[in-house]
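Read off the chains here:
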Amino acid sequence: MAVAKRTFDVVVVGAGGAGMRAALALSEAGLKVAVLSKVFPTRSHTVAAQGGIAASLGNVNEDNWHWHMYDTVKGSDYLGDQDAIEFMCRAAPEVVYELEHYGMPFDRLDNGKIYQRPFGGHMQDYGKNPVQRACAAADRTGHALLHTLYQRNVQANTNFFVEWMALDLIRDEDGDVLGVVAMEIETSEVMILQARATLFATGGAGRIFAASTNAYINTGDGLGMAARAGIPLEDMEFFQFHPTGVYGAGVLITEGVRGEGGYLVNKDGERFMARYAPNAKDLASRDVVSRAMATEIKEGRGCGKHGDHVLLKLDHLGEDVISHRLPGIREIAKKFAHVDPAREPIPVVPTAHYMMGGIPTNYHGQVVAPYKTGPEEVVQGFYAVGECACVSVHGANRLGCNSLLDLVVFGREAARQIIEDLERNPHHKPLPHDAAERPLARLARLETHKQGESVAEVGAAMRNVMQVHCGVFRFPDLLAEGVQKIREVAERAKNTAIQDQSKVFNTARVEALELDNLIEVAQATMHAAAARQESRGGHARDDFPQRDDDNWLKHSLYFSEGHKLDYKPVRLKPLTVESFPLKARVY
Amino acid sequence: MKFRIYRYNPETDAQPYMQDYELHIEAGDMMLLDAILMLKEQDDSLSLRKSCREGVCGSDAMNINGRNGLACITPLSSLKQPIELRPLPGLPVIRDLIVDMTQFFKQYHSIKPYLVNNDPPPETERLQSPEERKELDGLYECILCACCTTSCPSFWWNPDKFVGPAGLLQAYRFLADSRDQATAERLDNLEDPYRLFRCHTIMNCVDVCPKGLNPTEAIGKIKDMMVKRTV
């Protein structure tokens, strides 16, 4: 089959916060850019972010980037790379002001400055007291940010390929990335998009779990494509369970609720976080709160008929705070939990939320992978930003509000790096003759394979295995079994069949292609989790309850081929300041 | 539980038709989207858009028992059976419940949906009082689902000329922003027999907006601004 080809300077895959921040800078620089998105840009999952974007503006109380950096390093359980963390925290005020200048409708203080609220793990004076660092637009910060970036891209005439799905990366013999093969969903047309720079901003993969705050589109497409092209995935064992997903529905309730003064109670009405984090209490970082909740439930202090959740109480905040600062939460609680939080508490449970791991990059957004010279070697032509990337600024556990920040800081920085790299590299390399072979084979299988299990069935099996075997607490026997079971599911995924063979907006085909990506991510997560014999951040082992810096202060690298694991050192040296030394993590 | 769903695949169907489906479930706490996805497990050719499943992305707008809404936040128990699902009215159908939204976004883009401020940006944020910021409430929350615009008879008659409620709500979002400096240009852009003035305050848009926004009110305020500047 002959495949049409188009040529660009840059192909950006994904139009969430990171992809659109990068696209904006690239378009404004006059480059020929194609931005591919499975959905219309404002439908990207950034839209669901609620609580805020972290920046040490100091609008409410004294703050500075050093404190923000310390909190982020501590929050990461010391697995974050301190050069990247310094870079992000220093850039934070500037990128937030930039968003404001773009028109983002932040809430305001009486003096007209941007409103900031407290958030988990964000403290003053190197961990002493909670600080108001989360810049917020009510509880719709992601929506406000994403729409603002889209609007700005409209102004910049950015070239969006809406409802196009990237299928696979194109790499040549030298390992350089030369673009992607993609499919227009409306017509099923397959096309080669050749580019001198390919930037992935494809988001997370929360859909590997049965109970997830994530949208249906969060299927780890970028990770799947990278893994199939031989690029390792970093720190995949670290998955964040958000403390407050609505019980049953999984829909997110922002940590901003606790930032505004809400708190968690068990069946005895006890504010139990005081026992686990005497200083920060409900504003301890997410891994700590989720483990506390899971422990309360495990020890019989959960709420409800089955004792399988806890309650988030906020009625004491009063009508005014709830309707002004948390209107979206009230809407969600009414719709999905059938309670009005101004009167009754919301039933909540830890819910899979955020992937700390991803495609390994440096803090310029360049993808790095061991090839000839070592693990920090740049993969030419390939960049990744946002949740699909592992810079790593979040290490073993991300702080709330650092994700929106990550998107805009590294979206902007990757664009700057691309512009610089393209000046040195003005010509397209020739494409390998088999550039489209892998994706065409994947599509052909779906076309010819008429008998087999449904995609929905195999997908459900995968989500169930991940949920049972790789949750908040991880047990050695369950992990060992999980590795086996996820391999079996992966085998089953090779034999799925779809009935719909139409060329017109074939969503069954899209879901089958997404399953390939989910399976890559699920396997990476399970293998890396089974191998890491310590507890750190979002990875809590029942058999190794302590952090083990002597043996495990290192990033994992998972290679899809042979499920091989390798490790690389954490970059403990910041750019200009002293390293934060390793300490026990207490909130 | 009985469903009647609009089906159309241009490759194979000469005409659209309604297909009956049945699910043996209790409505319980389920949302309509959950039920449609169960139907899709039986028949993977049933096509729709979906993403966030919590009413913030705007993907799964459709016509539900004659009324536009988002499937993911419509409780199944609130619906009379057979539950009749059709694509959003007034836009070309691509397939089943999926419509071509090109015209809708074209109108949105036509109002220049971005802040215009030609002053050099300050080193920190531009100041805006809480009262000024409050003017944007009820405007910026739009999720571009098109429930309102595709329920508007004026848009059905003149989709190429009338901006429609979603676009006009956003036009007012920027007119109302104390930081924006393009008021005159924005009003000029709407000064036309069709673009703004085809709104006849039918208020279908207000009735169906899944976010509880009020485009008619915003349109009224734009009309006021037009009147004031001619006086």
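See the structure shown above.
Worth saying up front: this structure is predicted, and the values here are computed from it rather than measured. (Residues numbered from 1 in each chain as written. Chains lettered and ligands numbered in written order. Predicted model: local features only at pLDDT ≥ 70, side-chain atom pairs only at ≥ 80, totals over all residues. Heavy atoms only, no water.)

Report on the overall build of chain B, specifying residues and quantitative values.
Assigned secondary structure in chain B consists of eight helices and seven strands. Summarising its shape, the C-alpha atoms of chain B cover approximately 60 × 35 × 30 Å along the three principal directions. Across the 231 residues that make up chain B, the buried fraction comes to 58%. Sequence-distant contacts in chain B: of pairs separated by 6 or more residues, those separated by 24 or more amount to 64%. Of the roughly 9800 Å² of accessible surface on chain B, a fraction of 51% belongs to carbon and sulfur atoms. For chain B, the distance from the average site of its 27 positive side-chain charges to the average site of its 33 negative ones is 4 Å. (Helix = DSSP H or I, 4+ residues; strand = E, 2+ residues; numbered from the N terminus. Buried < 20%, exposed > 50% of the residue type's maximum accessible area, 1.4 Å probe, protein only. Contact = heavy atoms within 4.5 Å. Areas by Shrake-Rupley, 256 points an atom, 1.4 Å probe, with all protein chains shown as cover. Lys, Arg positive; Asp, Glu negative; His and termini not counted. Charge placed at Lys NZ, Arg CZ, Asp CG, Glu CD.)

Residues and numbers for the overall build of chain A, please.
When its secondary structure is counted, chain A shows 16 helices and 22 strands. Taking 2.2 N^0.38 as the reference for a compact globule, 587 residues should give roughly 25 Å; the C-alpha atoms of chain A span a radius of gyration of 23 Å, in line with that estimate. Expressed as lengths along the three principal axes of its C-alpha atoms, the size of chain A is roughly 65 × 50 × 50 Å. In chain A, which comprises 587 residues, the proportion classed as buried is 68%. Taking the intrachain contacts of chain A between residues at least 6 apart in sequence as the baseline, contacts between residues at least 24 apart amount to 75%. Surface summary for chain A: the accessible area is close to 18700 Å², and the carbon and sulfur share equals 49%. In chain A, the 64 positive side-chain charges and the 75 negative ones have mean positions that sit 2 Å from each other. (Rg over C-alpha atoms; globule rule 2.2 N^0.38 Å.)

Would you mind going over the interface of chain B and chain A in detail, with residue names and values included?
Every contact between the two is made by 62 residues of chain B and, on the other side, 65 residues of chain A. With both chains or domains summed, chain B and chain A bury close to 4900 Å², and 53% of this area falls on carbon and sulfur atoms. At the boundary of chain B and chain A, one finds seven salt bridges. R95(B) is the salt-bridge partner of D500(A), the closest N and O atoms lying 2.8 Å from each other. (Buried area = accessible area lost by both parts, 1.4 Å probe. Salt bridge = Lys/Arg side-chain N within 4 Å of Asp/Glu carboxyl O.)

Any details on the nonpolar core? Residues and values, ideally.
Counting residues in each nonpolar core, the largest one holds 177 residues, and the members touching the most others are I53(A), I346(A), F3(B) and L32(B). Top element by residues in this core is helix α3 (residues 82-102) of chain A. It accounts for twelve residues. Apart from residues no more than four positions distant in its own chain, I346(A) is found in contact with I253(A), V310(A), L311(A), L312(A), L314(A), I329(A), A333(A), A337(A), V339(A) and P341(A). In terms of nonpolar packing, the next biggest core, distinct from the first, is built from 85 residues, A34(A), F200(A), A227(A) and I98(B) among them. (Core = buried A, V, L, I, M, F, W, Y, C linked by side-chain atoms within 4.5 Å.)

Got a sec to walk through the environment of E86(A)? Specific residues and values, please.
Residue and element names in this part refer to chain A. With respect to the element layout, E86 can be found in helix α3. Considering only alpha carbons, one finds E86 and D543, 457 residues apart in sequence, at a separation of 34 Å. At a separation of 2.8 Å, a polar atom in the side chain of E86 contacts the side chain of R90. (Polar contact = N/O pair within 3.5 Å; in protein donor to acceptor, adjacent residues only side chain to side chain.)

So, the pairing of strand β17 (residues 378-384) of chain A: which residues are in play, and what are the values?
All names here are of chain A. Along β17, five of the seven residues are buried, which leaves the element largely enclosed by surrounding structure. Relative to β17, strand β9 (residues 190-200) runs parallel, the two being bridged by three bridges. In the sheet register, L199 faces β17, and the bridge partner there is Y383. (Pairing = 2+ DSSP bridges.)

Please set out the environment of E423(A) residue by residue, giving values where relevant.
Here E423(A) lies in helix α11 (residues 402-424). Considered as a pair, E423(A) and T507(A) are 84 residues apart in the sequence and their alpha carbons are 40 Å apart.

Got a sec to walk through the pairing of strand β3 (residues 61-64) of chain B? Specific residues and values, please.
Residue and element names in this part refer to chain B. Of the two faces of β3, the one carrying A61 and N63 and the one carrying M62 and I64 are both buried. Direction of pairing for β3 relative to strand β4 (residues 67-70): antiparallel, over a ladder of four bridges. Among the inter-strand pairings, M62 is bridged to a residue of β4, identified as G69. From the end of β3 to the start of β4, which pair antiparallel, there are two residues, and N65 there has a positive phi angle of about 50°. Looking at chain direction, β3 and strand β5 (residues 83-86) are connected through two bridges and run antiparallel. Opposite I64, over in β5, you have L85 as the bridge partner.

Could you give an account of the sheet that holds strand β21 (residues 554-559) of chain A, with specific residues and numbers?
All names here are of chain A. Taking strand neighbours across the sheet as the criterion, the three strands line up as β10-β21-β22 in an open arrangement whose pairing is antiparallel. Among the strands making up the open sheet, the edge pair consists of β10 (233-234) and β22 (564-569). Sheet topology places β21 next to β22; six bridges connect them, and they run antiparallel. Of the residues in β22, the one forming a bridge with S556 is Y567.

Tell me what's going on with the pattern of salt bridges, and back it up with residues and numbers.
Two side chains with opposite charge may pair up if their charged atoms get near one another. For the structure on display, the rule yields 74 salt bridges over all chains. Of the charged contacts, one joins R49(B) and E163(A) as a salt bridge, the two residues approaching to 2.5 Å between their closest N and O atoms. Placement of R49(B) in the loop between α1 (32-42) and β3 and of E163(A) in the loop between β6 (160-162) and β7 (164-171) is noted, with the two residues assigned to different chains. We note that R49(B), like E163(A), is buried. Ionic pairing is found between E270(A) and R275(A), a salt bridge with its closest N-O pair at 2.7 Å.

Tell me about helix α6 (residues 183-190) of chain B, residues and numbers included.
Residue and element names in this part refer to chain B. When α6 is considered as a whole, its buried residues turn out to be R186, L187 and L190. Buried residues in α6, looked at end-on, bunch into an arc of 95°, giving them a common side. Those residues of α6 that are buried are in contact with α5 (165-175) and α8 (215-230). (Arc of directions from axis to C-beta.)

Any details on the packing of aromatic side chains? Residues and values, ideally.
Across all of its chains, the model carries 18 aromatic pairs over all chains by this definition. On the numbers, 5.7 Å between centres and 85° between planes, the contact of F8(A) with F161(A) is edge-to-face. Placement of the pair is F8(A) in strand β1 (residues 4-13) and F161(A) in strand β6, with a sequence separation of 153 residues. Judged on exposure class, the residue F8(A) and its partner F161(A) are both buried. Between Y126(A) and F580(A), the aromatic rings sit 6.2 Å apart at their centres with planes inclined by 50°, giving tilted as the arrangement. A residue pair is termed long-range when its members are at least 10 positions apart, and Y126(A) in the loop between β4 (116-124) and β5 (129-135) and F580(A) in the segment after β22 qualify at 454 residues. Among the aromatic residues, ring-to-ring pairing joins F40(A), Y150(A), F160(A), F104(B) and F105(B) into one connected group. Between R398(A) and the ring centre of Y354(A), over which it is positioned, the NZ or CZ distance is 4.0 Å. Seen from the ring of W552(A), K554(A) lies directly overhead, with NZ or CZ sitting 4.9 Å from the centre. (Phe/Tyr/Trp six-rings, centres within 6.5 Å; stacked < 30°, edge-to-face > 60°. Lys NZ or Arg CZ within 6 Å of the ring centre and 35° of its normal.)

So yeah, pure geometry; function would need other evidence.
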